[in-house]
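Letter by letter, the chains look like this.
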Amino acid sequence: MQQIIFEPELYKFKTVHEFLEEFKLTEDDLILTNQYIYEPFFKKENCPAQTIFQEKFGTSEPTDVMVDAILKEASKKPYNRVIAIGGGSVIDIAKVMAVSNGENVDELYDHKDQLEKQHFLIIIPTTCGTGSEVTNISIINRTRLGVKMGLTSPNLFADQAILIPELLTTLPFKVFATSSIDALVHAVESSLSPKATEYTKLFGYKAIEMIIKGYQKIIAEGKEILPELMDDFLTASNFAGLAFGTAGCAAVHALSYPLGGTYHVPHGESNYAMFTGVLKNYKEIKSDGELDKMEKYLSNLLGCEQNHVYDALEYLLNHILPKKPLHEYGVTKEDLDTFTDSVLQTQGRLMANNFVPLDRARVYKIYSELY
Ligand SMILES: [Fe+2]
């Protein structure tokens, strides 16, 4: 059984300046990023690398049409290394660029077992959630087929992942909130997964501790201290990425996709909407084993009795991001059936990692309770 995947070389630099001093970028490098990241942090450094700004091609999540346009633009700029500096969307697009030698998204998906690395890939995350800098999946909305699909390949791993906490110091609070809750969910789901190992749990449980303690500090000392906590949150999200990169995510993610896709709820927020609802239902089916261990660990961090752990967790998280019932996102009673079918039909990969199997009636029950 695979214990843990350590694929990219991992680096950390306090500042962009320190990164550029060690990684000498040249005109042969291509940076994929957003202008609002590049202008304040890279422009003053006179970085010679070529650039593509993702927002020139659309501001939504990555679609086949958007990625094809970016691949076309990139083909006009001969380059060796591709450097993704951004959130989940930028990183997902750069992973595709790294395996494309002129092929478009459809052609890459058609030959997904034969993908080969065409460009050295460096990933620098600017949010503290996805952990995507250490995973090998890229999620593209294939609008031509009407389906959101993950492309996975050993060749989608970055060659180097670089953490630069300075890049997160200007993160808006809402983006911090949704991305860090996503990281917390990665850490919890991967630790409860049947594919969890001592190695993934080492990273998963440590990430949980760092995120919960960080939230407690923000609540005690105010949001102003957020910039100085970014190193911890970025590291925690990277730990969680290493954990779920091997052990996988599960029902929280699976149930959140129909909500996110239908009502355009940010990924971390739609995860939070499902988070404790799924855990409480696991507990109704099986309350011992790893879930018992997780509850004890959380109740210790939260300073509460084990039987109040989910309420205490929600109480804490509500200070970071208020939890909303599903109907407040526009979800209708009829949607609950459609969402349930969608989970059963399309999320088998994630549902296989559940702490205990959840059948159709149980998925519907969770949605109904959260409605
Ligand atoms: Fe996630």
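Residues numbered from 1 in each chain as written. Predicted model: local features only at pLDDT ≥ 70, side-chain atom pairs only at ≥ 80, totals over all residues. Heavy atoms only, no water.

**Brief notes about the packing of helix α3 (residues 64-75) against helix α4 (residues 88-99)**
In step 1: Following both chains from N to C, one finds α3 and α4 inclined at 55°, their axes separated by 10 Å at the closest point. Put simply, α3 runs oblique to α4. Where α3 crosses over α4, the two elements pack in a sense that is right-handed. Together, Met 66, Val 67, Ile 70, Leu 71 and Ala 74 of α3 and Ile 93, Val 96 and Met 97 of α4 make up the contact between the two elements.
In step 2: By residue class, the composition of the contact of α3 with α4 is 8 nonpolar, no polar and no charged. (Axes fitted to C-alpha atoms, helices over the stretch in contact; angles between N-to-C directions. Helix = DSSP H or I, 4+ residues; strand = E, 2+ residues; numbered from the N terminus. Parallel < 35°, antiparallel > 145°, perpendicular 65-115°, else oblique. Left-handed = near helix turned anticlockwise from the far one by under 90°. Contact = heavy atoms within 4.5 Å. Nonpolar A, V, L, I, M, F, W, Y, C, P; charged D, E, K, R; others polar.)

**Description of the coordination of the iron ion**
Geometry reference: four tetrahedral donors at a metal, ideal angle 109.5 degrees. Six octahedral donors, ideal angles 90 or 180 degrees.
In step 1: For the iron ion, the full set of protein donor atoms is Asp 182 (OD), His 186 (NE2), His 253 (NE2) and His 267 (NE2), and the range of their distances to it is 2.1 to 2.2 Å.
In step 2: Around the iron ion, the 4 donor atoms are arranged such that angles at the metal cover 86 to 168°; this shape is classified as irregular.
In step 3: The class for His 253 is buried, based on a relative accessible area of 3%.
In step 4: The exposure class assigned to His 267 is partly exposed, which follows from its relative accessible area of 31%. (Donors = N, O, S within 2.8 Å, 3.2 Å for Na, K, Ca; no water. Tetrahedral: all angles 85-135°; square planar, octahedral: opposite > 155°, others 65-115°. Buried < 20%, exposed > 50% of the residue type's maximum accessible area, 1.4 Å probe, protein only.)

**Topic: the pattern of salt bridges**
In step 1: Inspection of the entire model under this criterion finds 25 salt bridges.
In step 2: Salt-bridge contacts for Arg 81 lead to Asp 29; the nearest nitrogen and oxygen are separated by 2.8 Å. Taken together, the positions of Arg 81 in strand β4 (residues 81-86) and Asp 29 in the loop between α1 (16-22) and β2 (30-33) put the pair 52 residues apart, joining distant regions of the chain.
In step 3: According to the relative accessible area criterion, Asp 29 is buried, its value standing at 2%.
In step 4: Notably, a salt bridge pairs Glu 369 with Lys 365, separated by 2.5 Å at the nearest N-O pair. Here Glu 369 pairs with Lys 365, and both are found in helix α15 (residues 360-370), just 4 residues apart, close to one helical turn.
In step 5: Residue class for Lys 365 comes out partly exposed when judged on its relative accessible area of 27%. (Salt bridge = Lys/Arg side-chain N within 4 Å of Asp/Glu carboxyl O.)

**Here we look at the environment of Glu 18**
In step 1: With respect to the helices and strands, the residue Glu 18 is situated in helix α1.
In step 2: Looking at Glu 18, the relative accessible area reads 37%, which means it is partly exposed.
In step 3: Taking the C-alpha atoms as reference, Glu 18 lies 9.2 Å from Ile 164; in sequence the two are 146 residues apart.

**What about the sheet that holds strand β5 (residues 120-125)?**
In step 1: Taken in spatial order, the 6 strands line up as β1-β8-β5-β4-β2-β3 in an open sheet, and their pairing is parallel. Every interior strand has two partners, whereas the edge strands, β1 (9-12) and β3 (50-53), have only one. Each strand axis lies, on average, 20° off the axis of its neighbour in the sheet, ignoring direction. (Pairing = 2+ DSSP bridges.)

**Regarding helix α8 (residues 226-247)**
Because the α-helix completes a turn every 3.6 residues, residues three or four places apart line up on one side.
In step 1: The end-to-end C-alpha distance of α8 is 30 Å, a good match for the 32 Å that 22 residues give at a rise of 1.5 Å each.
In step 2: Most pronounced at Asp 232, the bend in α8 amounts to some 30°.
In step 3: Counting buried residues along α8, 17 of its 22 residues qualify, which places the element largely inside the surrounding structure. (Expected span 1.5 Å × (residues − 1). Bend = angle between axes of the 7 residues up to and from the residue.)

**Notes on the domain arrangement of the protein**
In step 1: If you check the domain split of the protein, you get domain 1 (9-168) and domain 2 (173-370).
In step 2: Of note, the centres of domain 1 and domain 2, computed from C-alpha atoms alone, are 26 Å apart.
In step 3: With 17 residues of domain 1 in contact, the opposing surface of domain 2 contributes 20 residues.
In step 4: Both sides together, the interface formed by domain 1 and domain 2 hides about 1500 Å², and carbon and sulfur atoms give 66% of it.
In step 5: In this structure, the salt-bridge partner of Asp 231 is Lys 12, at a minimum N-O distance of 2.6 Å.
In step 6: Along the contact surface separating domain 1 from domain 2 lie 4 residue pairs in polar contact (both at pLDDT 80 or more).
In step 7: Contributions of two or more residues to the side of domain 1 that touches domain 2 are made by β1 and β6 (137-142).
In step 8: Considered class by class, the residues forming the side of domain 1 that touches domain 2 number 10 nonpolar, 5 polar and 2 charged. (Domains from an automatic or database assignment. Buried area = accessible area lost by both parts, 1.4 Å probe. Polar contact = N/O pair within 3.5 Å; in protein donor to acceptor, adjacent residues only side chain to side chain.)

**Looking at the nonpolar core**
Within soluble globular proteins, side chains that are nonpolar generally end up buried alongside one another.
In step 1: Membership of the largest hydrophobic core comes to 102 residues, with the highest contact counts inside it found for Phe 19, Leu 167, Phe 176, Ile 208, Leu 255, Phe 275 and Tyr 282.
In step 2: With 11 residues, the top contributor of residues to this core is α8.
In step 3: Taken domain by domain, this core gets at least three of its residues from each of domain 1 (9-168) and domain 2 (173-370).
In step 4: Ignoring any residue separated from it by four or fewer positions in sequence, one finds Leu 255 in contact with Met 274, Val 278, Val 343, Met 351, Val 363, Ile 366 and Tyr 367.
In step 5: Within the second largest apolar cluster, 29 residues are counted, among which are Ala 74, Val 105, Tyr 109 and Leu 151. (Core = buried A, V, L, I, M, F, W, Y, C linked by side-chain atoms within 4.5 Å.)

**Topic: the packing of helix α7 (residues 198-221) against helix α11 (residues 290-302)**
In step 1: α11 packs onto α7 with a crossing angle of 30° between their chain directions and a minimal axis gap of 10 Å. By the angle between their directions, the pair α7 and α11 is classed as roughly parallel. Every pair of crossing elements has a handedness; the one defined by α7 and α11 is right-handed. Note on element contacts: α11 touches α7 through Glu 290, Lys 293, Met 294, Tyr 297, Leu 298, Leu 301 and Leu 302, opposite Lys 201, Tyr 205, Lys 206, Ile 208, Glu 209, Ile 212, Lys 213 and Gln 216.

**A word on the pairing of strand β8 (residues 160-163)**
In step 1: Residues Gln 160 and Ile 162 line one face of β8 and the alternating positions Ala 161 and Leu 163 line the opposite face, and both faces are buried.
In step 2: Note: β5 against β8, 2 bridges, orientation parallel. Looking at β8, one finds that Ile 123 is bridged to Ala 161.

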